[in-house]
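An overview of the molecular structure
Read off the chains here:
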Amino acid sequence: MLNIVLVDDEQLIIHHLIKIISSFDIPHKIVGTANSCEQALTIIRETHPNLVITDIRMGTSNGLDLCDTLSVTMPHTKIIILSGFDDFAYAQKALRYNVFNYLLKPIHEKDLYDQLARVNALLEAEKEEETKDFMLKEQLRECLPLMQEWFFKIIRENMDHLDIIDSTFRLFNIDILNESYQSLYVSFAQDSDAAEIEKDFMNVSRLAQTITLFIGDYFKTIYFYDTNSITLILSSAGTNNEDMHNRCCHLAERIRQYLDFNYQQQFSIGLSTVVHNIAYLRQSVKDAIAASKYSFYIGFNEIICITDVELRNTGEVLPNFKYIQEDLLKHLKLCDPRNAGQYLNIYYLNVLQLHGDRNLATNKFLELYYYLSNALDQEFDFEKAPSQEVVANIKGAANLEEIKEILNNYIVRSIKEIELLRTNKSRKLIDKAKACIQENYAHDISLESIAYDIGLSACYLSTLFKNMEKTSIKEYIIDVRIEAAKKYLQDINLKIYEVAANVGYTDSRYFSQLFRKKTGYTPGQYREFIKLGT
């Protein structure tokens, strides 16, 4: 059965499509409709359709952006693009996003029927193939954990005989030998319900197979899995470590986006470094697994490379106050009181190992305070840092527990000050972005150009603006332009296309659509409304 989501900013077109499709003898269900890309993604995340039919241009939204997102987050979903623009360039770009087909408006019933029939036939074929392969997948699901040990056993016993390793693997259709290797490990939170994983992705095997869709031709690969993890071993003919690592990071990011979009439980992605000898492959996998375990430190749903945490491993083998100070400072600057408090406690436990030397212990706490206060003063320009009052309190404390409490209070106060400073700084940046929009709305402005003008990355500005203003920067630009257009419409000598041009739109039809969407009136109706009001 086709589970369909329809996306178009014109509700009449959606009703028309529903009416046409309901007359077809193809098994189907309309599981959702949307008027924008943002609304569509929410519905698609909830309903997991196997077919999306979307307009290519929808007010401020772009159907191709939706296709781009779905190519990563829902690679199995088929997409049909509808457009009133007979532009081959659109069709070419759409095909790059694995769009199933491209139809022009007005839609002919026979063309739409033919496309839905093709999609349905393809899905039925995929379902039949999946059924035939079901028993094999079940067997592989049971055997792959054992095969991982067998895989490394073959390598370990034949390290000096690559021809034997190669011939043995090829008997099992495994082609992995190459110049360079890197491991990627996906770990699900330990409290994850395996039954829920299978419910969401049919089984971990299906999830692993989906992940391999992102790999492409650059890597040869083999993967192993159990109910809580997937191990990918990637090999490349190239010997450029940086190039391979960058490609592996790009793959990891695509996997992260897919899991973040589709999977509700927490996960972590660990990466090893690049190695050039198959004998080091087992250690490479261990490194990727070790990196993933730092999710408790870095955070879940993130990519962690072993090189990001290997210094911390050294610090754990031989406890070093310097490493603990750095970790505490990091969480303090992140305004994370829980983890900052945990590292203060680790520091305290290490101080207790100084064999009862009270003066030395007090000095270590003073060293921590001076380190934190000087670092925060340099970055945030705190006044009166370090504070002589805090220093006096530490020196006069009755015991080490009391000193720890003094430092904990200092950390809590510092976090509040940092949050206030950042809020004020963020507000100034948002005000600068708004001023830039007010000054330049009549020109071709974009998120990227505004970010460049105020010295931020587009991604950071977009997130900051949405968090503080509760709307996207694109929507804000439209609102500013529409408000300006209302004033221009009071001048009856201006044509509608002139009003559109004055507020930054070269396409008067597109401007009229936006204006009606925002105000409920066309520009002409709004002008008449003004006349009646006067």
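Residues numbered from 1 in each chain as written. Predicted model: local features only at pLDDT ≥ 70, side-chain atom pairs only at ≥ 80, totals over all residues. Heavy atoms only, no water.

**Focus on the overall build of the chain**
The secondary structure content of the chain amounts to 24 helices and twelve strands. Within the chain, the proportion of its 534 residues that are buried is 43%. Within the chain, contacts between residues separated by at least 24 positions form 66% of all contacts whose residues are at least 6 apart in sequence. (Helix = DSSP H or I, 4+ residues; strand = E, 2+ residues; numbered from the N terminus. Buried < 20%, exposed > 50% of the residue type's maximum accessible area, 1.4 Å probe, protein only. Contact = heavy atoms within 4.5 Å.)

**Remarks on the environment of Thr210**
Within the element layout of this structure, Thr210 appears in helix α9 (residues 204-212). If sequence neighbours within four positions are ignored, Thr210 has contacts with Pro75, His76 and Tyr258.

**Observations regarding the sheet that holds strand β8 (residues 180-188)**
One open sheet accounts for five strands, arranged β9-β10-β8-β11-β12; its pairing is mixed. Each edge of the open sheet is held by one strand with a lone partner, namely β9 (220-225) and β12 (303-305). Going across the sheet, the axis of each strand differs from the next one's by a mean of 20 degrees, ignoring polarity. Here β8 pairs with strand β10 (residues 229-236) via eight bridges, running antiparallel. Paired with Ser187 across the strands is Ser229, a residue of β10. (Pairing = 2+ DSSP bridges. Axes fitted to C-alpha atoms, helices over the stretch in contact; angles between N-to-C directions.)

**Here's the deal with the pattern of salt bridges**
Following the criterion strictly, the structure yields 19 salt bridges and no others. The shortest N-O distance in the salt bridge between Lys78 and Glu126 comes to 3.4 Å. One end of the pair, Lys78, is in strand β6 (residues 78-83); the other, Glu126, is in helix α5 (residues 109-132), and 48 residues separate them in sequence. Asp114 is paired through a salt bridge with Lys110; the nearest N and O atoms lie 3.0 Å apart. One end of the pair is Asp114 and the other is Lys110, both in helix α5 and four residues apart, which spans about a single turn. Classification of Asp114 by relative accessible area gives partly exposed; the value is 29%. Bridged by salt links that share partners, the residues Asp166, Arg170, Asp175 and Lys220 form one connected network. (Salt bridge = Lys/Arg side-chain N within 4 Å of Asp/Glu carboxyl O.)

**With respect to the packing of aromatic side chains**
One pass over the full model with this rule turns up 18 aromatic pairs. Taking the centre distance of 4.9 Å and the plane angle of 75 degrees together, the rings of Tyr369 and Tyr410 count as edge-to-face. One end of the pair, Tyr369, is in helix α16 (residues 358-380); the other, Tyr410, is in helix α18 (residues 400-440), with 41 residues separating them in the sequence. What makes Tyr369 buried here is its relative accessible area of 2%. A relative accessible area of 8% places Tyr410 in the buried class. Following the ring pairs from residue to residue traces out a cluster consisting of Trp150, Phe151, Phe152, Phe169 and Phe224. Against the face of Tyr218 rests Arg247, its NZ or CZ located 3.8 Å from the ring centre. (Phe/Tyr/Trp six-rings, centres within 6.5 Å; stacked < 30°, edge-to-face > 60°. Lys NZ or Arg CZ within 6 Å of the ring centre and 35° of its normal.)

**Some remarks on the side chain of Asn120**
In this fold, Asn120 is placed in helix α5. Here Asn120 is in contact with Met1, Leu2, Ile26 and Pro27, once residues within four sequence places are set aside.

**Observations regarding unusual backbone geometry**
Across the chain, the bulk of peptide bonds are trans and the bulk of non-glycine residues have phi less than zero. A positive phi angle, near 50 degrees, is found at His48, a position not held by glycine. Among the structural elements, His48 can be located in the loop between α2 (37-47) and β3 (51-55). At Lys470, a residue that is not glycine, the phi angle is positive and equals roughly 60 degrees. Residue position: Lys470 is located in the loop between α20 (458-469) and α21 (473-488). For Lys470, a relative accessible area of 70% puts it in the exposed group.

**Some points on helix α14 (residues 321-333)**
Between its terminal C-alpha atoms α14 stretches 18 Å, which fits the 18 Å expected from 13 residues at 1.5 Å a residue. Of all the positions in α14, only Phe321, Ile324, Gln325, Asp327, Leu328, Leu329, His331 and Leu332 are classed as buried. Following α14 by one or two positions, Cys335 has its phi on the positive side, about 60 degrees. (Expected span 1.5 Å × (residues − 1).)

**Let's talk about the sheet that holds strand β2 (residues 28-34)**
Taken together, the five strands give an open sheet; going across it, the order is β2-β1-β3-β6-β7, and neighbouring strands pair in parallel fashion. At either end of the open sheet lies a strand with only one pairing partner, and these are β2 and β7 (101-104). Between one strand axis and the next, the sheet turns through 20 degrees on average, direction left out of account. Inspection of the sheet shows β6 paired to β7 by four bridges, in the parallel sense. When the bridges of β7 are listed, Ser83 appears paired with Leu104. Running over the sheet, helix α3 (residues 63-73) touches β1 (2-7), β3 and β6 and is turned about 155 degrees from β3.

**Side note on the packing of α18 against α21**
Remark: α18 packs on α21, axes separated minimally by 10 Å, with the N-to-C direction vectors making an angle of 40 degrees. One element, α18, and the other, α21, form an angle in the oblique class. Two packed elements cross with a definite hand, and for α18 against α21 that hand is right-handed. Here α18 contributes Lys434, Ile437 and Gln438 to the contact with α21, which in turn contributes Ile473, Tyr476, Ile477 and Val480. Considering only residue class, the contact of α18 with α21 consists of five nonpolar, one polar and one charged. (Parallel < 35°, antiparallel > 145°, perpendicular 65-115°, else oblique. Left-handed = near helix turned anticlockwise from the far one by under 90°. Nonpolar A, V, L, I, M, F, W, Y, C, P; charged D, E, K, R; others polar.)

**As for the pairing of strand β11 (residues 267-271)**
Burial analysis of β11 places five of its five residues in the buried class, the great majority of the element. Residues Phe267, Ile269 and Leu271 point to one face of β11 and Ser268 and Gly270 to the other, with burial holding for every one of them. Note that β8 and β11 share five bridges and pair antiparallel. By the bridge assignment for β11, Val186 is matched with Ile269.

**Quick look at the state of the cysteines**
As enumerated under the stated definition, the model contains zero disulfides in all. There is no disulfide at Cys248, and the cysteine sulfur nearest it, in Cys249, is 6.3 Å away. In this structure Cys305 is a free cysteine whose sulfur lies 6.3 Å from that of Cys249, the closest cysteine sulfur available. Cys305 sits in the buried class, given a relative accessible area of 7%. (Disulfide = S-S within 2.5 Å.)

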